[in-house]
Each structure stands twice: as structure tokens, then as C-alpha cells.
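Analysis of the macromolecular model
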Amino acid sequence: MTAEAGVSILVVEDEDAQRRLLVEILERAGNRTRSAANVEDAVLAIADEVPDLVLCDWRMPGRDGGELLAEVRRRGLGCGFIVMTAYGSIAHAVEAVRLGADDYLGKPFEREALLLAVHRVLKTRRLENENRRLRDAVGGEDRFGRLIGGTPVMQHLYRTIEKVAATDATVLITGESGTGKEIVARTLHRSSRRGDAAFVPVNCAAIPESLIESELFGHEKGTFTGAHRRREGKFEEADGGTLFLDEIASMPMPLQGILLRVLQERRFTRLGGSGEIEVDVRVVAASNRDLPRLVRDGQFREDLYYRLNVVAMELPPLRDRRDDVPLLAAAFLEKASTRHGRQVGSLPPAVVRLLMDYGWPGNVRELANAMERLVLLAEDEQLSIDDLPAPIRGAAPAAAAPVRLPAEGLAWDAMEESLLRQALERSSGNRAAAARLLGLSYKAFLYRLEKYGLGDEAAG
């Protein structure tokens, strides 16, 4: 595994031989290192230059690694922090995570485990920093709302929002259920010149077909049984602001024609009315269904599809942006803790690994629910794997039949690479599923992908 250019790692270890070994491993991987034998020297080193990552032993003479971790987090330095602790001291690892460590390593550990931990923490920190930078670029936390993620697909989404927000272009947001389409729509609204006006959401699938025209355009008194007074529709309610039409594919065909005319002319007539009403409304639509296929099947108007699809935003499923899972999980954890008035620790690395291995069929919404469950079931502020929903905990891989070594031996690297390719092909490129097929942890699987240069192949 190669390092990223310019990465700085501070190694804090009181045993000379162990410190030299760690420095050698990290520098051979291309990292730039400094070292300290105690917490006092480490504090001075950090004051001189804040590293990208601190790799620190827990138990040292004098002040221990926990004190250095607390100091780093108190000062808000933003660097990654990995704690090294003896295998018999799991309580220290739990305490380190509670204090804000990104990961821990049990001693003794292999070179592979060390470099994987370093790679993961640096990558997560880089995504957090990029996410923060992009938020600032489009106007800060309030303007950017609840969108979280630093992966390339999310960066592209942020840039699209930034470009489109200042216009009145109609936007079509697509993606699986639970990917956050309404959050994107609200973010687009808040980022626009209409941000101080109304944002009016309408779920087209939740309104009976007989009522949806009245819901959108209003009606005059006496138009139909039960119409005891004149009622304004959602278009009038959203005048000057944004109308969000969710599940647009559920809109009845007759009403699609009316909507098309309103989008083109910016005026409509209430049910039972005679005069036309002009409105200034930006329309953002969303669907979790394949609209082009519905157009081909005659179930959705082609002209309306193209009128809605002026700017397209496709939201990826969470399984396709797994690197954002720790960021999202931490945000949902904090939100649930505040909502329920409970103080809980950080997510243990073992829980984070499970979250990144899981396929998330319910996407971001499922992750939010899982974090709320963790908060509600936590005992003594400790988050436990046992409190995750059963599908996320998953089933242990079935025991494989013993394999006999051929008398002539075998080419291990070729066999391992072949198995990786087969697992990726069988799982359609889903890395977590492929790892489960091979009985590997997600981190170990990623290491092997990089070892054989299969990372890009898996991503495709």
C-alpha cells in the first residue's frame, strides 16, 4: 500500500526498538515521519508542526496516550489518532475510542494491519476536511443543511448545487428510496435567491388521484361535494419559493398534461374557477423509479419528462459511497443523542467496520435509524455491536471445506488474485459482498485489492 504525498505521521512510543520499527515501516510505505519517546516530547513536536496522523502507544511511563489524545482533541487540531495497546488491554482501547481515537491496534500487530489502519484513518480525515471545505465554498453549514459526504460523487453533487442554485431551472432528482432526495431539494432551495420564501413539499404518491388536482391548484367554493370554501393549492402556497414534487412518477396521466402547461406558462386556473392565476414558482421533482422506461412504456409523458429534466441530479445508493458511512454515522449519532438527551461515546472501530461492510438496502435513512437505535439501547454511554440491527451484524461466514495442497504446489498470488476477481464478478462489483464470499474483513479485502491493482476494477 502506497502513501499519499506529503502525509506526516508522528510516532509516539517509549520503546526504542519498537519506535524505530514503526518509523521504518511507515517511511518505506512513503510516509514522512517524526517520533517522540513520551507525551511531553510529542506535545512539543505537535506545537512545532501539526501532523496528519498521530500513532501513539497507550501505556508509557509518566503521562499515557490517553492524555495526549485528550490534549489533541481539546485543541481541535483535526489530525487523525490511532492508539496502540496490548491485546490484553481491550479496556484501554474502549477508553481511547471514547476519548476520540479514530482507531486502535492491538500489539503485536502485522505490517499489513498497521498500514491499513493508517490508510483508513487518513482517508476518513481527508474526506471530513474536504466535506468541510466544500460546505464553506457554498455558504457554510446552515446553507448546506444536512448533506454529508466527501466522496467524489458527493463533491460533484455539491458543485452542481452551487452552479444551479442561482438559477430558476427546473431540477429532476433521481435515486433509490432513502438516498436523501428531499434533503437535496431543500438544500437547493436554501442555497437559492428563494431561500427566505416557502419550500412546499408534495408527495404525489400519497394523495388520492381524485384529490391531487385540487391539492396542487386549489378549488373554488362549491366545485365538488365537500368544497365548502375556496382553497388555495400548493402552487399558490409556494409562490415566490420552491415546490417539491416527490414521487412524480405517481402523478396521473391527465394531470401530467396540466402540469406541463403550468410549467411552460407559469399560470393556472383553480378547479371551478374562471380566471387565470400567475405564479413565480421553481419546481424541483424527484423519483425513485426509472422515468425513461416509464416514458417508453407510455406511463409518463415524454414532453413532461424533458421539461422536468432540465438539470438532472442522480443520488447514488449508500453502498456506492461507503467512505461516507463513518461521517454520516457520526452525524446521525450526534443528532440522536441530542434528540433523546443521552450522552454516548464515539463509534467503536469494530462497529464502524460492520457499518462499512453492510449493503444498506434502505440507504441513508436506514443508517440514521440504526444510529438512533444504538443511542437508545446504549448502556453506560457505551455503544455495542450487539445493539445493531441483526441484518447489519450479519451472519458469520459458513465454514469452508478443507482444501488439499497439490503435491506439485501452487502459485499462491495467482490463485489469490483469481479468487478476488471471481468474488467481485459474482457480487457485481459490490466490495462488501465480495469480502463476505471470501470470508475476509472489509479492510483485509481492500488491502488485497490494492495489492493486485484491482481497486479501479472493483469501483467500476
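Each remark here, short or long, concerns the structure printed above.
Residues numbered from 1 in each chain as written. Predicted model: local features only at pLDDT ≥ 70, side-chain atom pairs only at ≥ 80, totals over all residues. Heavy atoms only, no water.

A few words now on the sheet that holds strand 5 (residues 103-107). One open sheet holds the five strands; their spatial order is 2-1-3-4-5, and the pairing between them is parallel. The open sheet is flanked by strand 2 (32-36) and strand 5, the only strands paired with a single partner. Strand-to-strand twist of the sheet, defined as the mean angle between neighbouring strand axes without regard to direction, takes the value 20°. Bridging between strand 1 (residues 8-12) and strand 3 (residues 53-57) involves four bridges; their strand directions are parallel. Directly across from Val12, in strand 3, lies its bridge partner Cys56. This element, helix 3 (residues 65-74), spans strand 1, strand 3 and strand 4 (80-86) of the sheet and lies at about 170° to strand 4. (Pairing = 2+ DSSP bridges. Helix = DSSP H or I, 4+ residues; strand = E, 2+ residues; numbered from the N terminus. Axes fitted to C-alpha atoms, helices over the stretch in contact; angles between N-to-C directions. Contact = heavy atoms within 4.5 Å.)

Between its first and last C-alpha atoms helix 18 (residues 412-426) spans 21 Å; for 15 residues at 1.5 Å apiece the expected length is 21 Å, and the two agree. Considered for burial, the residues of helix 18 that qualify are Glu416, Leu420, Ala423 and Leu424. The buried residues of helix 18 occupy one face: seen down the axis, they fall within an arc of 100°. The exposed residues of helix 18 that point more than 90 degrees off its buried face are Glu425 and Arg426. (Expected span 1.5 Å × (residues − 1). Buried < 20%, exposed > 50% of the residue type's maximum accessible area, 1.4 Å probe, protein only. Arc of directions from axis to C-beta.)

Pairing of side chains with opposite charge becomes possible as their charged atoms draw close. Tallied over the full model, the rule gives 29 salt bridges. When the shortest N-O distance is used, the salt bridge between Glu71 and Arg74 registers 2.9 Å. Of the two residues, Glu71 and Arg74 are both situated in helix 3; the distance of three residues between them amounts to about one turn of the helix. A salt bridge links Glu71 to Arg75; the nearest nitrogen and oxygen atoms lie 4.0 Å apart. (Salt bridge = Lys/Arg side-chain N within 4 Å of Asp/Glu carboxyl O.)

Moving on, we get to helix 20 (residues 442-451). For helix 20, the buried fraction is high: seven of the 10 residues fall into the buried class. All of the buried residues in helix 20 are Tyr442, Lys443, Ala444, Phe445, Tyr447, Arg448 and Leu449. Looking one or two residues past helix 20, Gly453 carries a phi angle of roughly 65°, positive in sign.

This brings us to the nonpolar core. Membership of the largest hydrophobic core comes to 33 residues, with the highest contact counts inside it found for Leu216, Phe235, Leu245, Ile248 and Phe300. Top element by residues in this core is helix 11 (residues 253-265). It accounts for five residues. Filtering out sequence-adjacent residues up to four positions away, Leu245 remains in contact with Val202, Cys204, Leu216, Leu259, Val283, Val284, Ala285 and Ala286. The next biggest cluster of nonpolar side chains, apart from the first, holds 30 residues, and it includes Leu318, Leu333, Val344 and Leu374. (Core = buried A, V, L, I, M, F, W, Y, C linked by side-chain atoms within 4.5 Å.)

Now for the packing of helix 7 (residues 152-164) against helix 8 (residues 181-190). Between helix 7 and helix 8, the shortest axis-to-axis distance is 9 Å and the interhelical angle comes to 40°. By the criterion of interaxial angle, the relationship of helix 7 to helix 8 is oblique. Our pair here, helix 7 against helix 8, has a crossing hand that is right-handed. Taken together, the residues of helix 8 that come into contact with helix 7 (itself represented by Leu157, Ile161 and Val164) are Val184, Thr187 and Leu188. Of the residues in the contact of helix 7 with helix 8, the class split is five nonpolar, one polar and no charged. (Parallel < 35°, antiparallel > 145°, perpendicular 65-115°, else oblique. Left-handed = near helix turned anticlockwise from the far one by under 90°. Nonpolar A, V, L, I, M, F, W, Y, C, P; charged D, E, K, R; others polar.)

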